[in-house]
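Summary of the model geometry
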Amino acid sequence: MSQVSSHRQTLAPKGVLKRLFGLLRLLGIVLFVVIMFRVDFPKLLDQLSRSSVELLLTGIAFQLIVLAAKGIRWHLMNEGKNEWTSWRLSLGRFYESYAIGVVTPARMGELLKAGHEKGTGNVVASGIRVLAERGLDIGVFVILAGLSVLGGDYLDWSSFYGFSIIASGLFALLFSMLLLASASFNRLLNSMMKKLPGKLSKTQITARRFSPLTSSAIVLLSLISNISYFVSCYFLGLSTGLDAGFIWTSGAVAVSGLLNMLPVTIMGVGTRELTFLYVFRSFPQALVLSFSFLVMLIAQMGGGLVALLAGQMLLYSKSNK
């Protein structure tokens, strides 16, 4: 009897978390539905029809740069060989996981990168690289969000908060680089993990020994991919007529992107619109929602579709070989 009660107690937290995540997703959907009921669709469609084609294509071009830079970065982080077979395998795995990550809450598709590996050690090592990769991206997002808080007038906050946000972004970047390449930092983490209960105490984190050139390339590609994403969103905003400045637009995109990493909604539906409507509340609602629609259509759905096609083509050609 006691065993049954203890078993139920261990299952209870999982059930509570599952219901909590379900409620969070439902909240995002409700937000989206409420916002859509308050939208003037004729104005929204009229706004989209008057979008600049040249600026729209520029935004799409920068999205392609994002995909290329992130794929190359993942290949370098896995110390891929300079052979087409190795490039095809790492790029195919990356683009497949990227595509699934776009359409799942909290970017759960990123786990596919680790799932492709065989053996516990390889799975853990790949998982660490996924964590480091996400940390590099989150760091840049948080820094731009902090710059937006400092430069924008939509929040009446002290500059202390803006600098604190920027400092946390820099910390995320530093932590990711140390996790990726510092042997002493990983030894410290291993000594801390030995104190954890269960199988986690046996987990060993091993740092990759990257050359200075490779480490510099990884950081440079992280900056290129993330800055290209914000530049793309900036041009998407300009194409609809939302001329709020690069820092202001990037801050709104960064905040909505960070919220999208939470297990709330798929592709940030609801939370993105709410964020944009608040940050750009001085602009017409139809203008803001047309920008949000383009971000979802091009930066998320479009990027995910291109990544899915590229990933499957690369993996399919490898399986044939």
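In this text the structure is predicted, and so the values were computed from the model without any measurement.

When its secondary structure is counted, the chain shows twelve helices and zero strands. Written out in order from the N terminus, the α and β elements of the chain read α-α-α-α-α-α-α-α-α-α-α-α. Within the chain, contacts between residues at least 6 apart in sequence are counted, and of these 72% link residues at least 24 apart. Carbon together with sulfur atoms contributes 70% to the accessible area of the chain, which is approximately 17,100 Å² in total.

With that settled, consider the confidence of the model for the chain. The pLDDT averaged across the chain works out to 75; a share of 68% of its residues lies at or above 70. Per-element mean pLDDT across the chain ranges from 52 in helix α5 (residues 111-115) up to 91 in helix α3 (residues 53-77). Predicted confidence is poor over residues 1-12, with pLDDT under 50, and the contacts of this stretch with residues over four places away or in other chains come to zero contacts.

Okay, the packing of α3 against helix α9 (residues 212-240) next. Helix-helix packing is described using two parameters, namely the angle between the two axes and the distance between the axes. One can describe the packing of α3 onto α9 by two numbers: an axis separation of 8 Å at closest approach and a directional angle of 160°. One way to sum up the angle between α3 and α9 is to call them roughly antiparallel. Pair α3 / α9 crosses with left-handed handedness. In terms of residue class, the contact of α3 with α9 is made up of 18 nonpolar, nine polar and two charged.

With that settled, consider the packing of helix α7 (residues 159-181) against helix α8 (residues 183-193). The interhelical angle for the contact between α7 and α8, taken along N-to-C directions, is 90°, at an axis separation of 6 Å. In this view, α7 runs roughly perpendicular relative to α8, as classed from their interaxial angle. In this structure, α7 contributes Phe175, Leu178, Leu179 and Ala181 to the contact, and α8 contributes Ala183, Phe185, Asn186 and Leu189. Partitioning the contact of α7 with α8 into residue classes produces seven nonpolar, one polar and no charged.

A separate point is the environment of Gln63. Here Gln63 is to be found in helix α3. Residue classification places Gln63 among the buried residues on the basis of a relative accessible area of 4%. Linking Gln63 and Val231, residues 168 residues apart in sequence, is a C-alpha distance of 8.9 Å. Ignoring anything within four residues of it in the chain, the contact list for Gln63 reads Tyr229, Ser232, Ile298 and Ala299.

Of note, Asp137 is situated in helix α6 (residues 120-151). Overall, Asp137 belongs to the buried group, its relative accessible area being 2%. Residue contacts for Asp137: discarding those within four places in its chain leaves Lys70, Arg73, Ser225 and Asn226.

If charged atoms from side chains of opposite charge come close, those side chains can pair. Across all of its chains, the model carries two salt bridges by this definition. For the salt bridge of Asp137 with Lys70, the shortest nitrogen-to-oxygen distance reads 3.6 Å. Placement of Asp137 in helix α6 and of Lys70 in helix α3 is noted, with a sequence separation of 67 residues between them. Looking at Lys70, the relative accessible area reads 9%, which means it is buried. Where Arg73 meets Asp137, a salt bridge forms, and the shortest distance between an N and an O atom there is 3.0 Å. Of this pair, Arg73 sits in helix α3 while Asp137 sits in helix α6; the two residues are 64 residues apart in sequence, bridging distant segments of the chain. Considered together, Arg73 and Asp137 belong to a single accessibility category, that of buried residues.

The subject of this paragraph is the environment of Leu220. In this fold, Leu220 is placed in helix α9. A sequence separation of 151 residues divides Leu220 from Ala69, and the C-alpha atoms of the two residues are 9.2 Å apart.

About the cut-offs
- Residues numbered from 1 in each chain as written.
- Predicted model: local features only at pLDDT ≥ 70, side-chain atom pairs only at ≥ 80, totals over all residues.
- Heavy atoms only, no water.
- Helix = DSSP H or I, 4+ residues; strand = E, 2+ residues; numbered from the N terminus.
- Contact = heavy atoms within 4.5 Å.
- Areas by Shrake-Rupley, 256 points an atom, 1.4 Å probe, with all protein chains shown as cover.
- pLDDT = per-residue confidence, 0-100.
- Axes fitted to C-alpha atoms, helices over the stretch in contact; angles between N-to-C directions.
- Parallel < 35°, antiparallel > 145°, perpendicular 65-115°, else oblique.
- Left-handed = near helix turned anticlockwise from the far one by under 90°.
- Nonpolar A, V, L, I, M, F, W, Y, C, P; charged D, E, K, R; others polar.
- Buried < 20%, exposed > 50% of the residue type's maximum accessible area, 1.4 Å probe, protein only.
- Salt bridge = Lys/Arg side-chain N within 4 Å of Asp/Glu carboxyl O.

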